[in-house]
Amino acid sequence: PLLVSNQTLSKEADHLEGFAPEVAWVTHAGCTELDRPLALRPTSEAIIYPYFAKWIRSHRDLPLRVNQWCNVVRWEFSCPTPFIRTREFLWQEGHTAHATREGAEQEVAEALEVYKNIYEDVLAIPVIPGRKTQKEKFAGALYTSTIEAFVPCTGRGIQAATAHCLGQNFARIYNVEYEDQDGRRSLVWQNSWGFTTRAIGIMILVHGDDNGLILPPPVAPVQAIVVPIPPSKAYVKKQLLPLQDQQLGVGGGGEGESRSERNNTASRSATKGDDDGGEAVASASARVTARILNAARAVQDALRRNGLRAKIDDDPTHSPGWKYNFWELKGVPIRIEVGPRDVETQSAVLVRRDTGERRTVAMANISTEVKDECKRMHDSMLAKARHQLKSRIRTVTRWEDFVLALQESCLVLAPWCGDSIVEETIKVRTATGSIAVPEINDQDGSIPNKEKDASAMSSKTATAANTTTTSLTGAAKALCIPFDQPPLPPGTKCIGDASREAKMWVLFGRSY
């Protein structure tokens, strides 16, 4: 159901409190005011778990796993961004119930690994797996696991997907119990995990360029676009020369006439304004074009037979150049050009969308070549994104370096004491109105090396050295506690309170 009553939603106080600013309420049906307002679901725990209480009776019913794709509504902000942060979005949400905490935690880890694999193996986007702080965890959960991505062009982190271990909190509220093998009644352990259409937005931001989308081959609706290139007039005239030689009786070589002179004579005859010459050129052009189209369609068919998503653009109303731009905008990974000389040599030209690299391949091997190129392209895109991420994570232990890293549009790995009050203090202290974004290297997303002593420079000077017209705003927050924790030297102080000893490394950054 899309609508949920306030009574059902408010059963879990922390859950309702966490979503209260985001809940949209239906108060009228037509002109009639409802007796009780109904919430548009911000998430589905309060809707699904009363049914869990009816479905689960025995240990034989566990584990119970359900999954659904649905739209949810969260009315929490004033400036929506398509795919990234919208008031209504489509997502997949899984809900599970288990007999033990160990079983629930194993499921959380497996769900997060599935999401990580989707981002890296399908979308070519590296992510950082970790756990949310208590302040940032899902409302009502025992803990939240997350994967965090990074957008190099804006310097912001972004939550890519989450998996929540809900513990027994919701089971206690909605009375979700089971009878174990000894006949005792016990509460189930529950999880929920979700993956949204935000993944599309992250893919666009991480890989796209000024020419449009760049789609990773595994997810591209069209992996290869075949563009036939019609013959030029010069090419057609050249093809007509042997025929004109025969018509003019000079095929064997006339007395006193060079081959060049014969060619010039034939060319003038083929291009003169009389009907015979024009018809000859048009007829020859049509024959060559037909051979090109047949070859291009054969390429498309061969690719499709081998499991590739291929399409031919044989629209005669647009030029090849127009088609190149159109399909680049769409982000199609591979363009295959088939022209008259390619037909002669039984070859085709492959062009990669991400690098613009061109190479000629034999038509006999076209399917293998395109498959291999798609694999190389995906690996290259992932490697580039990994380099961008790695080069933009700064490990710091001093507050001044923390601020400087944020000013340079980086994520910051810093020591933290684990106190939510200190976490909030960091957020408040970094909530400046406008922070300059440094110049970004278009090739690899890194920051050009300015010959300076960054630690000695004042914040104002560092900003002036790297300023563009773009600005980065908003407070930095704790994105996650990475699972991969570097060694923490004894005596390391908390980044937000130097009087307290740090307990862990936390990834901070400005985020969407």
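What you see is a predicted model, and the numbers here were worked out from it, not measured in a lab. Along every chain, residues carry numbers that run from 1 in the direction the sequence is written. Totals for whole chains, interfaces and linings use all residues, but because this is a predicted model, local features are given only for residues with pLDDT of at least 70 and pairs of side-chain atoms are given and counted only at 80 or more. Only hydrogens and water are set aside when side-chain values are computed; all heavy atoms of the structure are taken into account.

A.B. asks: What is the right way to look at the packing of helix α4 (residues 101-122) against helix α12 (residues 366-391) in this model?
C.D. replies: When two helices pack together, their arrangement is captured by the angle between the axes and the distance separating the axes. To obtain an axis, a line is fitted to C-alpha atoms, over the contacting stretch when the element is a helix, and the angle between two such axes runs from 0 to 180 degrees between their N-to-C directions. What counts as a helix is a DSSP run of H or I of at least four residues, what counts as a strand is a run of E of at least two, and both are numbered from the N terminus. With their axes 9 Å apart at the nearest point, α4 and α12 run at an angle of 115° to one another. For the element pair α4 / α12, the angle class is roughly perpendicular. For the pair α4 and α12, contact is made by Glu120, Asp121 and Val122 and by His378, Leu382 and Arg386, respectively. By the definition adopted for this analysis, an angle is roughly parallel if under 35 degrees, roughly antiparallel if over 145, roughly perpendicular if from 65 to 115, and oblique otherwise. Here, two residues are considered to be in contact whenever any of their heavy atoms come within 4.5 Å of each other.

A.B. asks: Would you take a moment to explain the environment of alanine 385 for this structure?
C.D. replies: Along the chain, the position of alanine 385 falls in helix α12. Partly exposed residues are those whose accessible area sits between 20% and 50% of the maximum for their type, while under 20% is buried and over 50% is exposed, using a 1.4 Å probe and protein chains only. Here alanine 385 falls in the buried class, since its relative accessible area comes to 4%. C-alpha separation for the pair alanine 385 and proline 152, spaced 233 residues apart in sequence, amounts to 8.5 Å. Beyond its immediate stretch of four places on either side in the chain, alanine 385 contacts Ala124, Pro126, Val206 and His207.

A.B. asks: What's the story with the packing of aromatic side chains in this structure? I'm lost.
C.D. replies: Geometry of an aromatic ring pair is reported as the spacing of the ring centres plus the angle between the planes. The rule is short: rings of Phe, Tyr and Trp, with Trp giving its six-membered ring, pair when the centres are within 6.5 Å, and they are stacked under 30 degrees, edge-to-face over 60, tilted in between. Summed over the entire model, instances satisfying the criterion amount to 12 aromatic pairs. Ring centres of tryptophan 322 and phenylalanine 326 lie 5.2 Å apart, and the angle between their planes is 10°; this geometry places the pair in the stacked category. Here tryptophan 322 and its partner phenylalanine 326 are both found in helix α10 (residues 320-330), four residues apart, which amounts to about one turn of the helix. Assessed through its relative accessible area of 39%, tryptophan 322 is described here as partly exposed. On the numbers, 5.0 Å between centres and 10° between planes, the contact of tryptophan 399 with phenylalanine 402 is stacked. Pair noted here: tryptophan 399 and phenylalanine 402 are both in helix α13 (residues 399-407), with a separation of three residues, about one helical turn.

A.B. asks: It is not clear to me how the pairing of strand β15 (residues 347-352) should be interpreted in this structure. Could you clarify?
C.D. replies: Looking along a regular strand, one sees the side chains alternate between the two faces of the sheet. For β15, a buried count of six out of six residues is recorded, marking the element as mostly surrounded by other parts of the structure. Residues Ser347, Val349 and Val351 line one face of β15 and the alternating positions Ala348, Leu350 and Arg352 line the opposite face, and both faces are buried. Relative to β15, strand β14 (residues 334-338) runs antiparallel, the two being bridged by four bridges. From the neighbouring strand, glutamate 337 faces β15, where its bridge partner is valine 349. Strand pairing is defined by DSSP finding a minimum of two bridges between the two strands.

A.B. asks: What exactly am I supposed to notice about the sheet that holds strand β18 (residues 411-416) here?
C.D. replies: Sheet strands pair via backbone hydrogen bonds, and the direction of the pair is either parallel or antiparallel. With respect to topology, 10 strands assemble into an open sheet ordered β4-β5-β11-β8-β7-β6-β21-β22-β18-β17, the strand pairing being mixed. Here the strands that pair on one side only, and so sit at the sheet edges, are β4 (64-73) and β17 (393-395). Sheet twist, expressed as the mean angle between neighbouring strand axes with direction ignored, is 35°. As defined by bridge partners, strand β7 (residues 143-151) adjoins strand β8 (residues 156-167) across nine bridges and the pair is classed as antiparallel. Its bridge partner being in β8, threonine 144 is matched across the sheet by histidine 164. Sitting on the sheet, α12 is in contact with β6 (128-131), β7, β17 and β18, with an inclination near 35° to β17.

A.B. asks: How should I be thinking about a nonpolar patch on the surface in this particular structure?
C.D. replies: Patch members must show over 30% relative accessible area and no salt bridge, and they are joined within 9 Å when carrying like charges or within 5 Å when they are nonpolar side chains of Val, Leu, Ile, Met, Phe, Trp or Tyr. To measure how exposed things are, a 1.4 Å probe is used in the Shrake-Rupley method; for residues, cover is taken only from the protein chains shown. Note on definitions: salt bridges are taken to be side-chain nitrogens of Lys or Arg within 4 Å of carboxyl oxygens of Asp or Glu. Together, Phe83, Ile200 and Ile204 give the surface a local cluster of nonpolar side chains, amounting to about 230 Å² of exposed area. On the secondary structure map, isoleucine 200 appears in helix α6 (residues 198-207).

A.B. asks: Would you mind showing me how to read the pairing of strand β11 (residues 189-196) here?
C.D. replies: Judged by how many residues are buried, β11 sits mostly within the fold: eight of eight residues are covered. Both faces of β11 are covered, namely the face carrying Trp189, Asn191, Trp193 and Phe195 and the face carrying Gln190, Ser192, Gly194 and Thr196. Pairing between strand β5 (residues 88-98) and β11: eight bridges, direction antiparallel. Looking across to β11, one finds that tryptophan 91 is bridged to threonine 196. Bridge count for β8 against β11 is five bridges, and the pairing is antiparallel. Within β11, the position partnered with alanine 163 by the bridge is tryptophan 193.

A.B. asks: Looking at this structure, I do not really get unusual backbone geometry. What am I missing?
C.D. replies: For residues besides glycine, phi is generally negative; the peptide bonds are generally trans as well. Following leucine 62, the chain continues into proline 63 via a peptide bond in cis, with omega recorded as -5°. With phi around 60°, alanine 124 is a residue other than glycine that occupies positive phi space. For alanine 124, the location among the structural elements is in the loop between α4 and β6. Despite not being glycine, asparagine 175 has its phi angle at roughly 60°, a positive value. Tracing the chain through its elements places asparagine 175 in the loop between α5 (169-174) and β9 (177-179). Overall, asparagine 175 belongs to the partly exposed group, its relative accessible area being 47%.

That is the geometry; function is a separate question.
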